[in-house]
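Survey of secondary and tertiary structure
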Amino acid sequence: MTRQWRRFAAIVPALVLAVFASPSAALAWEPSKPIEFVIPAGTGGGADQMARLISGLAEKHKLSPQPLIAVNKAGGAGAEGFLHVKGKKGDTHTIIITLSNLFTTPLHTGVPFNWKDLTPVARLALDRFILWVNAETPYKTAKEYMAVVKERSGGDRMKMAGTGSAQEDQIITIQVEQALGSKFTYVPFKGGGEVCVNLVGKHVDSTVNNPIECVSHWKAGRVRPLAVFDPERIPDAEWKDIPTVKEALGLDVSYNMLRGIFGPPDMPKDAAAWYQGFLKKVMDTPEFKDYLAKGALKAAYSTGPEYVKWLEEAEQLHKDLMAKGGLLKK
């Protein structure tokens, strides 16, 4: 056998192995069974709506080889959901949608959980907050309403409803109270959908719901938006006439809430990468873009170090706000 043939014969096995191995090596990770999509809040709220929309779009557009099964775990102001996912170390078929209770719940309750226990996957959007009253009340402006709130601060206080205790809604309420020297009776509910239903039913006097949580009742003429807790007005056409809190009350009070996705601790990088690509495809669908516009959410897709840096800054912001409001665990 010539030298050239010996060399060719020596490399043939390696070539054959490469040919047969490359298809499987080239296959990236993807889900092989249904995905548990945990919602650390009640039904009907902003997180619940977004998670179920994502699940539906995944099926409609065939964006995932396996279905996403939405599961509400709202107990303990979301702690039930966070601890459930924390306990699934390395699991590739569980994800959780997060609100800012990702920060507020452990800071207020001392529950053994921190966002760093999970695997940051992607930030999808930032959610605004609006001061709402029942449409049958006489209050046409935030100034008119807050004047009555201040008058009744000493005794029969006006009721402000919100999602959970020591969470975003109560933080905003305390900021307003401190800025105006007024007092509400804060009434917590499990989810934003329940909050708005109680405003419609006149069981409370006002809420600081996310836009998406009250938009259907607003369109039906049941509730009235008085001000948005953001430095700028909402640019979308149907929302743009709502003044900012700065315009309405002269207050520098603004707050945006996280709508992000995390995986369990030590989720493999290839699985996290699949979810990032999947979520980007979801966000690019016309239905999701329409959802953001109608619900006045800010699209804010972010992954990797940029997302982690934002999370670190957001955690510190919540520590500062909750310390000022007396909401940190003592």
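Since this is a predicted model, take the numbers as computed values, not measurements.

Re the sheet that holds strand β8 (residues 206-207)
Read from one edge of the open sheet, five strands run β7-β6-β8-β5-β9, paired in mixed fashion. Sheet topology places β7 (185-189) and β9 (223-228) at the edges, where each strand pairs with a single neighbour. The pairing of strand β5 (residues 130-134) with β8 spans two bridges and is classified as antiparallel. Within the sheet, the bridge partner assigned to V133 lies in β8 and is S206.

Concerning the nonpolar core
I54 and Y145 are the most contacted members of the largest nonpolar core, which has 100 residues in total. Per element, the largest residue contribution to this core is eight residues, and it comes from helix α10 (residues 269-283). With near-sequence residues (within four places) excluded, Y145 lies in contact with L131, V133, Y139, M158, K159, F184, D205, S206 and L226.

A look at the packing of helix α7 (residues 192-200) against helix α8 (residues 211-219)
Orientation of α7 relative to α8, taken along the N-to-C sense of each, is 35 degrees, at an axis distance of 8 Å. The two elements α7 and α8 meet at a crossing, and its hand is right-handed. Counting all contacts with α7, which are made through G192, C196, V197 and V200, the residues of α8 involved are E213, C214 and H217.

Some words on the confidence of the model for the chain
Note that predicted coordinates carrying low pLDDT should not be read in detail. The predicted model of the chain has a mean per-residue pLDDT of 91, with 92% of residues at 70 or higher. Confidence drops under a pLDDT of 50 for residues 14-26, and excluding neighbours within four residues, the segment shows zero contacts in the predicted structure.

Side note on the side chain of T207
Its location among the elements puts T207 in strand β8. Looking at T207, the relative accessible area reads 0%, which means it is buried. Of note is the side chain of T207, whose polar atom sits 3.4 Å from the backbone nitrogen of N209.

Focus: the sheet that holds strand β11 (residues 297-302)
Ordered in space as β2-β1-β3-β10-β4-β11, the six strands form an open sheet in which the pairing is mixed. Both outer strands of the open sheet, β2 (68-72) and β11, are each paired with one neighbouring strand and no more. For this sheet, the mean angle separating the axes of adjacent strands, direction not counted, is 20 degrees. Pairing of strand β3 (residues 94-98) with strand β10 (residues 257-263), which is carried by three bridges, proceeds in the antiparallel orientation. Looking across to β10, one finds that I96 is bridged to F262.

Re the pattern of salt bridges
Considering all chains together, one arrives at 17 salt bridges under this definition. Among the ionic pairs, R52 bridges to D48, the shortest N-O distance being 2.8 Å. Of this pair, R52 and D48 both sit in helix α2 (residues 46-60), four residues apart, roughly one helical turn. Residue D48 is classed as buried on the basis of its relative accessible area of 6%. A single salt-bridge network, built from bridges that share partners, covers E36, K88 and D91.

Examining the state of the cysteines
In this structure the tally under the stated criterion is one disulfide. Between the sulfur atoms of C196 and its disulfide mate C214 the distance is 1.9 Å. Of note, the bridge from C196 to C214 carries an S-S torsion of about 110 degrees and is right-handed in sense. Here C196 is found in helix α7, whereas its partner C214 is found in helix α8, with 18 residues between them in sequence.

Here is what the cut-offs are and how they apply
- Residues numbered from 1 in each chain as written.
- Predicted model: local features only at pLDDT ≥ 70, side-chain atom pairs only at ≥ 80, totals over all residues.
- Heavy atoms only, no water.
- Pairing = 2+ DSSP bridges.
- Helix = DSSP H or I, 4+ residues; strand = E, 2+ residues; numbered from the N terminus.
- Core = buried A, V, L, I, M, F, W, Y, C linked by side-chain atoms within 4.5 Å.
- Buried < 20%, exposed > 50% of the residue type's maximum accessible area, 1.4 Å probe, protein only.
- Contact = heavy atoms within 4.5 Å.
- Axes fitted to C-alpha atoms, helices over the stretch in contact; angles between N-to-C directions.
- Left-handed = near helix turned anticlockwise from the far one by under 90°.
- pLDDT = per-residue confidence, 0-100.
- Polar contact = N/O pair within 3.5 Å; in protein donor to acceptor, adjacent residues only side chain to side chain.
- Salt bridge = Lys/Arg side-chain N within 4 Å of Asp/Glu carboxyl O.
- Disulfide = S-S within 2.5 Å.

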